[in-house]
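Residues per chain, in single letters:
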Amino acid sequence: MSRNSVMRFFLVISCGALAIGVSPVAVMGQQGVPQTPAIDTLRLSVQEAVAVAQRASDEVRLSAAYVEAASAQVALARSNGLPQLRINTSYSHVFENARSTAINAVFSQPNTYAVTASLSQTQFQGGRIVAATRAAGDLRAASRLDEQETRARLNVDVQRAYLDALFAARLADIQRRGVGLATARLEQLQQLQAAGRAARYDVLRARVERANLEPLAIQAENDRELAILDLKRLLNIPIDRTIVLTTTLDANAVAALVPMLASLTDSTTLPDRPALRSAEFTARSRREGLAVARADFLPSLSIGFNTGYQAFPPLGSGFPDRFGRASTDFCEPGSTAGRVCQNGGWFADRSITATLSFPVFDGFRARSNFDVAQAQLRIAELQLQLQRETVSLEVARARAELLRARAVFDARQQNSSEAQEAFQLASLRFSRGLSTQLEVTDAQLALATAQSGEARATYDLYLATAELARSLGRPIPYPPDSSSPVRRSDSGF
């Protein structure tokens, strides 16, 4: 292709690109090297985040695997009490038969084919099968309850990580607004200095104030990014994927949850927790395991029935393809008179067996198994007692935390509104020359502290309600979302 042709081609591409509003370089990039598609932004509410964690979390999948293993153990234990049917086939070739040499040549058939069906049924094993099945069923129930406990704990953990990210974003927003206010105040002081109404000292102080706030804003933004990364890790979301948190916590709705949950802690009885019931099922399983170990001292009875066919074809006759029959007609010429020979076919072979086994001495194996079962039962009972104490302690701790968070929330909510009003008055007085810059700076710092404390109090109050619901075994509520955008001066994220 000539140089003019190349120029004309590039000119056509450029004109077409300009006509549709795309740069020529971008068009050439699209036609040349394939572009990597951008990763879509993932918008997550707290309910969606919990749902993602319930599906993709490693903790939940591990609990589900334990349930599957326990279910398989139930089927395995139950199978020992069901009839056992096996079909066996065998073939053997004898090179030299001692019996035919020493006793009679009738035993000299070198090839033997056998097809046997064996049916056996255990009649009595000292209650081992029933106890083992019950123990496996109790362990399966305990595994399912452990899965429920894991899901409930994961629910709270995901909401805590989600609200941590919201709280970090709220602090970053407060710090950014603080830098913006300091910048606006510096510009105002510079204008007043140019007009001769402010000293250089005031301008320098405003610059130092803004410089001191900038690192705090950068640190707050970094904390927000780290909180988002921690949430992504918990949800198994790729690190490079952008997520947007859409839930906004409503402080008034959170406060409305407190009386309902606080009234549930008046009872002194233990709550219906999956972890507590799981420990009870585990103790029951260990108690059944004691019965399984005790069955080793008792006799066992089983009955078996075997039916099948065997064939002993003469050498060189090949695989048997008919039913067996014995007669003098099948004997070779020259055989002993009156000798009965078989035709090499299949002969029926049936038997029934009753086996009674009584343990006399097994090297103290049964005694050792019984001692192990007793020790495991004691451990399970102690773990049940510890779990009861743990649940009681968790309920008491959650109730105390809820009362503390509620008291702090009430104080912080009033403090934030008063700090907002004080800052507005200080700014108004400064703009009219009735106060100093130091008063405005102190008011701004007090406002940032009050708003941060109010956000933290709202966050802590909701998490206290969620933790109390989990400790009581109740459905864990989701953060109440505000129906309208929250004002900057209001509490909440």
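Residues numbered from 1 in each chain as written. Predicted model: local features only at pLDDT ≥ 70, side-chain atom pairs only at ≥ 80, totals over all residues. Heavy atoms only, no water.

J.: Go over a nonpolar patch on the surface with me, naming the residues and quoting the values.
T.: Residues Leu85, Leu119, Ile303, Phe305 and Ile352 make up a contiguous nonpolar surface patch of about 490 Å² in total accessible area. With respect to the element layout, Phe305 can be found in strand 5 (residues 300-311). (Patch = residues over 30% accessible without salt bridge, like charges linked within 9 Å, V, L, I, M, F, W, Y side chains within 5 Å. Areas by Shrake-Rupley, 256 points an atom, 1.4 Å probe, with all protein chains shown as cover. Salt bridge = Lys/Arg side-chain N within 4 Å of Asp/Glu carboxyl O. Helix = DSSP H or I, 4+ residues; strand = E, 2+ residues; numbered from the N terminus.)

J.: Break down the pattern of salt bridges for me, citing the residues and quoting the values.
T.: Two side chains of opposite charge can pair, provided their charged atoms sit close to one another. What the rule picks out here adds up to 26 salt bridges. Two residues, Asp296 and Arg128, come together in a salt bridge whose shortest N-O distance is 2.5 Å. With Asp296 in the loop between helix 9 (274-294) and strand 5 and Arg128 in helix 6 (residues 128-194), the pair connects residues that are 168 residues apart, well separated along the chain. Taking the shortest distance from any N to any O, the salt bridge between Asp173 and Arg170 comes out at 3.8 Å. In this pair, Asp173 and Arg170 both sit in helix 6, 3 residues apart, roughly one turn of the helix. Via salt bridges that share partners, Glu149, Arg153, Asp157, Arg160, Arg273, Glu394, Glu467 and Arg470 belong to a single interconnected network.

J.: So what's going on with unusual backbone geometry? Which residues, and what values?
T.: For Asn236, which is not a glycine, the phi torsion comes out positive at approximately 60°. In this structure, Asn236 sits in the loop between helix 7 (200-235) and strand 4 (243-245). One non-glycine residue, Phe364, lies in the positive phi region at around 65°. Mapped onto the elements of the fold, Phe364 is located in the loop between strand 8 (346-357) and helix 10 (365-431). Classification of Phe364 as exposed rests on a relative accessible area of 57%. (Buried < 20%, exposed > 50% of the residue type's maximum accessible area, 1.4 Å probe, protein only.)

J.: Hey, could you go over the nonpolar core for me, with residue numbers and the actual values?
T.: Val158, Tyr162, Leu235, Leu245 and Tyr462 are the most contacted members of the largest nonpolar core, which has 45 residues in total. When residues of this core are traced back to their parent elements, those giving at least two are helix 3 (46-56), helix 6, helix 7, strand 4, helix 8 (251-262), helix 10 and helix 11 (437-471). Element by element, the count of residues in this core is highest for helix 6, at 9 residues. Counting residues in each nonpolar core, the second largest holds 14 residues, with Ala206, Ala443, Leu447 and Ala450 among its members. (Core = buried A, V, L, I, M, F, W, Y, C linked by side-chain atoms within 4.5 Å.)

J.: Please set out the environment of Ala396 residue by residue, giving values where relevant.
T.: Relative to the assigned elements, Ala396 resides in helix 10. Look at Ala396 and you get partly exposed, because its relative accessible area is 45%. Residues Ala396 and Ser471 lie 75 residues apart in sequence; the distance between their C-alpha atoms is 9.2 Å.

J.: I'd love a proper account of helix 9, names of residues and values included.
T.: Look at helix 9: 30 Å from first C-alpha to last across 21 residues, which is about the 30 Å you get at 1.5 Å a residue. Looking at the buried side of helix 9, the elements it contacts are helix 6 and helix 10. (Expected span 1.5 Å × (residues − 1). Contact = heavy atoms within 4.5 Å.)

J.: For the side chain of Asn111, give the residues involved together with the corresponding values.
T.: Turning to its location among the elements, Asn111 is positioned in strand 3 (residues 111-124). The class of Asn111 is buried, set by a relative accessible area of 10%. In terms of polar contacts, Asn111 uses its side chain to reach the side chain of Tyr91, at 3.0 Å. Looking at Asn111, its side chain comes within polar contact range of the side chain of His93, at 2.6 Å. Other than its neighbours up to four places away in sequence, Asn111 contacts Tyr91, Ser92, His93, Ala311, Phe312 and Pro313. (Polar contact = N/O pair within 3.5 Å; in protein donor to acceptor, adjacent residues only side chain to side chain.)

J.: Give a description of the confidence of the model for the chain that names residues and reports values.
T.: Per-residue confidence for the chain gives a mean pLDDT of 81; residues scoring 70 or more make up 84%. Counted against residues more than four places away or in other chains, residues 1-38, with its pLDDT under 50, gives 12 contacts. Here residues 483-493 is modelled with pLDDT under 50, and outside its nearest four sequence neighbours on either side it reaches 27 contacts, counting other chains as well. (pLDDT = per-residue confidence, 0-100.)

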